[in-house]
Amino acid sequence: EAGVVQSPRYKIIEKKQPVAFWCNPISGHNTLYWYRQNLGQGPELLIRYENEEAVDDSQLPKDRFSAERLKGVDSTLKIQPAELGDSAVYLCASSFSGSSYEQYFGPGTRLTVT
Amino acid sequence: QKEVEQDPGPLSVPEGAIVSLNCTYSNSAFQYFMWYRQYSRKGPELLMYTYSSGNKEDGRFTAQVDKSSKYISLFIRDSQPSDSATYLCAMSEGSNYQLIWGAGTKLIIKP
């Protein structure tokens, strides 16, 4: 069975440019998470979806970050405009509903903002 | 003070040694305790989770939770060079709650 798929794996952009990340969760997983991970730190939750609904986006910087999960499967996370401090690894994870203790992660997208 | 504290290491041990990795926490409401392994340039991989207190064993790995001390451990027996990675602990108050993460401990197993 395929795991969580993310693309691109690496992205280098100049500050003020837009960038988008894509995630395809494990089949059957209704819950999808976007995290940001800085070097030497644990993942930080940005947003959690239950099907199409964003149920926890309290830590998403809404002035520049947006996300969507159309049809309750794939999801896209966007940053516009990017800032130098956005350089990090962006991780997508998925789980069955009500099983946040059993999350499965994709390989992440490493973003460098210059 | 962070909710979950984890020594960043690195922890370097010889192959075959028993490894002990630990996290402490401050929130007594935590019920689920997870250990993830993360290789360089990869996403975290769930090793095991424990609900409430007690021990859980899976092959060479044993997870231990002591809620009275707010302390969790992961033991790795017969450590292998392939175990070299960063180990992250995570905790949550319930089955549908946000995970609170430690910063991870970098483990190096020397051949």
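Above this note sits the structure.
Residues numbered from 1 in each chain as written. Chains lettered and ligands numbered in written order. Predicted model: local features only at pLDDT ≥ 70, side-chain atom pairs only at ≥ 80, totals over all residues. Heavy atoms only, no water.

Asks: An account of the overall build of chain A is needed here, citing residue identities and associated values.
Replies: When you go through chain A residue by residue, the secondary structure sums to zero helices and eleven strands. Traced from its N-terminal end to its C-terminal end, chain A shows the element sequence β-β-β-β-β-β-β-β-β-β-β. Against the globule reference of 13 Å for 114 residues, chain A gives a C-alpha radius of gyration of 13 Å, in line with a compact fold. On the principal axes, the C-alpha backbone points of chain A span a range of 40 × 25 × 25 Å. Here chain A holds 114 residues, and the buried ones make up 47% of them. Restricting the contact set of chain A to residue pairs at least 6 apart, pairs at least 24 apart contribute 54%. (Helix = DSSP H or I, 4+ residues; strand = E, 2+ residues; numbered from the N terminus. Rg over C-alpha atoms; globule rule 2.2 N^0.38 Å. Buried < 20%, exposed > 50% of the residue type's maximum accessible area, 1.4 Å probe, protein only. Contact = heavy atoms within 4.5 Å.)

Asks: So what's going on with the pattern of salt bridges? Residues and values would help.
Replies: Residue and element names in this part refer to chain A. Here the structure, examined in full by the defined rule, presents eight salt bridges over all chains. Between Arg36 and Glu44 there is a salt bridge, with its nearest N and O atoms 3.5 Å apart. Owing to a relative accessible area of 27%, Glu44 belongs among the partly exposed residues under this scheme. Each member of the salt-bridge network shares a partner with another, and the members are Arg64, Glu83 and Asp86. (Salt bridge = Lys/Arg side-chain N within 4 Å of Asp/Glu carboxyl O.)

Asks: Kindly report on the sheet that holds strand β8 (residues 71-76) of chain B, identifying the contributing residues and their values.
Replies: Residues and elements named next belong to chain B. The sheet built from five strands is open, its strands ordered β1-β3-β8-β7-β6 with antiparallel pairing. This sheet does not close on itself; its edge strands, each paired only once, are β1 (4-5) and β6 (54-58). Sheet analysis places β6 next to strand β7 (residues 61-66), joined by five bridges and oriented antiparallel. Opposite Lys56, over in β7, you have Ala63 as the bridge partner. (Pairing = 2+ DSSP bridges.)

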